[in-house]
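The residues making up each chain are set out below.
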Amino acid sequence: MEPESYYELRCAIVETFYEVLLAEGYTVGQAASRCLVEFRSESQGGGRTALVALSVVLSRVAKHDPAALDRYQAEIGAMQALAKRSACWKGLADGERRRMKEDVRFVSEKASAD
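Analysis parameters
- Residues numbered from 1 in each chain as written.
- Predicted model: local features only at pLDDT ≥ 70, side-chain atom pairs only at ≥ 80, totals over all residues.
- Heavy atoms only, no water.
- Axes fitted to C-alpha atoms, helices over the stretch in contact; angles between N-to-C directions.
- Helix = DSSP H or I, 4+ residues; strand = E, 2+ residues; numbered from the N terminus.
- Parallel < 35°, antiparallel > 145°, perpendicular 65-115°, else oblique.
- Left-handed = near helix turned anticlockwise from the far one by under 90°.
- Contact = heavy atoms within 4.5 Å.
- Disulfide = S-S within 2.5 Å.
- Buried < 20%, exposed > 50% of the residue type's maximum accessible area, 1.4 Å probe, protein only.
- Phe/Tyr/Trp six-rings, centres within 6.5 Å; stacked < 30°, edge-to-face > 60°.
- Lys NZ or Arg CZ within 6 Å of the ring centre and 35° of its normal.

Engineer: Explain the packing of helix H5 (residues 73-83) against helix H6 (residues 94-112) to me, using residue names and the numbers behind them.
Structural biologist: Interaxial distance between H5 and H6 falls to 11 Å at its minimum, and their mutual angle equals 135°. The angle between H5 and H6 falls in the class oblique. In this structure, the crossing between H5 and H6 has a hand that is left-handed. Across from Ile76, Met79, Gln80 and Ala83 in H5, the residues of H6 making contact are Val104, Val107, Ser108 and Ala111.

So, in C-alpha cells, the structure goes:
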C-alpha cells in the first residue's frame, strides 16, 4: 500500500459510511454492514489493506453505536489479529500509523467495555 493509499481508502470508507447513513437513512450498524460489503475485497483480503478497512469501519461503529459492536465480533477479532502482524504496519508514515493505532485501540476498548 502506497502512503497516500491509506488516506484514500480511509476517506472512501468514511464517505461511504456517512453517505448511506444519511442519504439512505441506515442505522449505524446497517451503514457499517454496507461498507463491509462495498469494501469486501479490501476488508477480507488480509494484510494492511484489511486492517485499514476493518479499523475504519469498526471505529465508526464504536464512535456512534458501541452496542452494535456485538454484531461484529468476527470482524473485531480479525482486526485485532491483523494489528499484531508487524507486516501490517510496515511502510506507513508516522501519522498514518498513529491514526490506525488509535482506531484499533478505540474499537478494542469499546468492544471490551460491554
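After that view of the structure, there is still more to cover.
Engineer: Explain the state of the cysteines to me, and be specific about the residues and the numbers.
Structural biologist: Going through the model one piece at a time under the given rule, you end up with 0 disulfides. No disulfide involves cysteine 11; its nearest neighbouring cysteine sulfur is the one of cysteine 35, lying 13 Å away. With a relative accessible area of 0%, cysteine 35 lands in the buried category.

Engineer: Give a description of the packing of aromatic side chains that names residues and reports values.
Structural biologist: Under the definition given, this model contains 2 aromatic pairs. Ring geometry for tyrosine 6 and tyrosine 7: centres 4.7 Å apart, planes at 80°, overall edge-to-face. By relative accessible area, tyrosine 7 is classed as partly exposed at 37%. With 5.0 Å between their ring centres and 90° between their planes, phenylalanine 17 and tyrosine 18 make a pair best called edge-to-face. According to the relative accessible area criterion, phenylalanine 17 is buried, its value standing at 0%. Here lysine 101 stacks its cationic end above the ring of tryptophan 89, 5.7 Å away from the centre of that ring.

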